[in-house]
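# Topology and contacts: notes
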Amino acid sequence: MDDNGADKGVEGVILLIGCGMRKYREYLLAGAAGTHPVWLFTGEEPDWQTPYLTGHTVVDVTDRDAVLAAARELAGRIPVRGVLSWDETLIVTTARVADELGLPGAGVDGVEGCRDKYRSRRLLTAAGLDQPGYAWVDTAEEALAAAERIGYPVVVKPRGMGASIGVVLAADAGEVVEAFRTADEASRIGAVSYRGGALVEEYLEGPEISIDAAVVDGAYHPMFVARKQVGLFPYFEEIGHHVAADDPLRADPALLAMLRAAHRAIGYGFGVTHTEVKLTARGPVIVEINGRLGGDLIPRLGQLATGIDPARAAVRAALGQRPDFTDTEHRTVGIRFGYPPEDCVVRSVTLPATAEGLLAAEAMADPGTELRLPPNGYLARHSYVIVTGADPALTTARLDTAAALVTLDHEPLHMPVPA
């Protein structure tokens, strides 16, 4: 363990555990640092993060005991005022650090109610919230029996992964067997606690949204709603999103009542959450609750659309304080991710310099990067574009135009034929 940083006075620091990729998370680190001094726990020496940091500790962030020991050592000489993480794999560790240091946090039970999707289903069902039919299975045979009970099509997914990794739609028995294999294998690259087996769930018809919110002493405060675009079926890759400041769902009584009840059911104390919801014919139904800010730059879209700073909100919640939820912007903003037509090696990505409403265009894959589409790989993105428009329809049209201006030069990647 290596430690670097000047001791702080009474103001203290907010402890950030893990950081993530620059293209996805730099805006959050900048926002957090602009709110309170940040001390980073990281697995390697900081690089681009350095200008935003008061100090850092190099520690294996995947080793919970090492992180707890480092947190105790840091708190012994510097006032640690709060702790947070926006990394799905580190939120349980973050909750344990908060408990260890007596800081505001989601609570271990609360964050496990997010991280463990089977536990979440049981808690929400017990609270009387509408849920899809579901079953936990350990084998392909059990998956088949569950699918027969629930009715086709079904969704098969790992217990504790994120970013739709290993999530597959299965329309018949043959597809269930293959979907179970995909979900089971995907689970084995994640946390040990959630490895093996899969959830089989009723497929919910309807558009999907996500809601990023701050929770302060159990009180739920929504910030913004994102409308999701999913593709690459039967897999559930999230290929785009848009956020509108005037989205009526931000104040929808039925939706907010359900979200508040769900957070009470899992016992979430202090922090931020990203909840995914299907808008079905029988009403809104929760797909999952995540104990962190959303990925895919959704919080950035929310910030551009509403002016609410998600990183500032996350820090305030971690300090046990109610964030400011006042809109200072009023527009619609969308993102579209570029995927290759096949598994490939990237030669180059060419981006548009200008396009109507274009706010940002970024390459996400360097030359030589191998991109593999599901089920061979996930998040095989070569680029993204962000645009703004007067309303969702215009924003979608502008996304179509900007995305069409991205050019991927690639070489097909021929996968080995199984023996």
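### Structural notes on the pattern of salt bridges
One pass over the full model with this rule turns up 24 salt bridges. With a closest N to O distance of 3.1 Å, Arg72 and Glu100 form a salt bridge. Taken together, the residues span a long stretch of sequence, with Arg72 in helix α2 (residues 64-75) and Glu100 in helix α3 (residues 91-101) at a distance of 28 residues. Judged by relative accessible area, which is 40%, Arg72 ranks as partly exposed. In this structure, Glu356 and Arg398 form a salt bridge, with 3.6 Å as the shortest nitrogen-oxygen distance. Placement of Glu356 in the loop between β16 (344-350) and β17 (358-363) and of Arg398 in helix α11 (residues 392-404) is noted, with a sequence separation of 42 residues between them. Overall, Glu356 belongs to the exposed group, its relative accessible area being 56%.

### With respect to the pairing of β16
A regular strand places its side chains so that they alternate between the two faces of the sheet. Note: β16 against strand β18 (residues 370-371), two bridges, orientation antiparallel. By the bridge assignment for β18, Val345 is matched with Glu370. Bridge analysis of β16 against strand β20 (residues 407-412) gives six bridges, and the strand direction is antiparallel. Pairing of Val345 across the sheet is with Glu411, part of β20.

Definitions and limits used
- Residues numbered from 1 in each chain as written.
- Predicted model: local features only at pLDDT ≥ 70, side-chain atom pairs only at ≥ 80, totals over all residues.
- Heavy atoms only, no water.
- Salt bridge = Lys/Arg side-chain N within 4 Å of Asp/Glu carboxyl O.
- Helix = DSSP H or I, 4+ residues; strand = E, 2+ residues; numbered from the N terminus.
- Buried < 20%, exposed > 50% of the residue type's maximum accessible area, 1.4 Å probe, protein only.
- Pairing = 2+ DSSP bridges.

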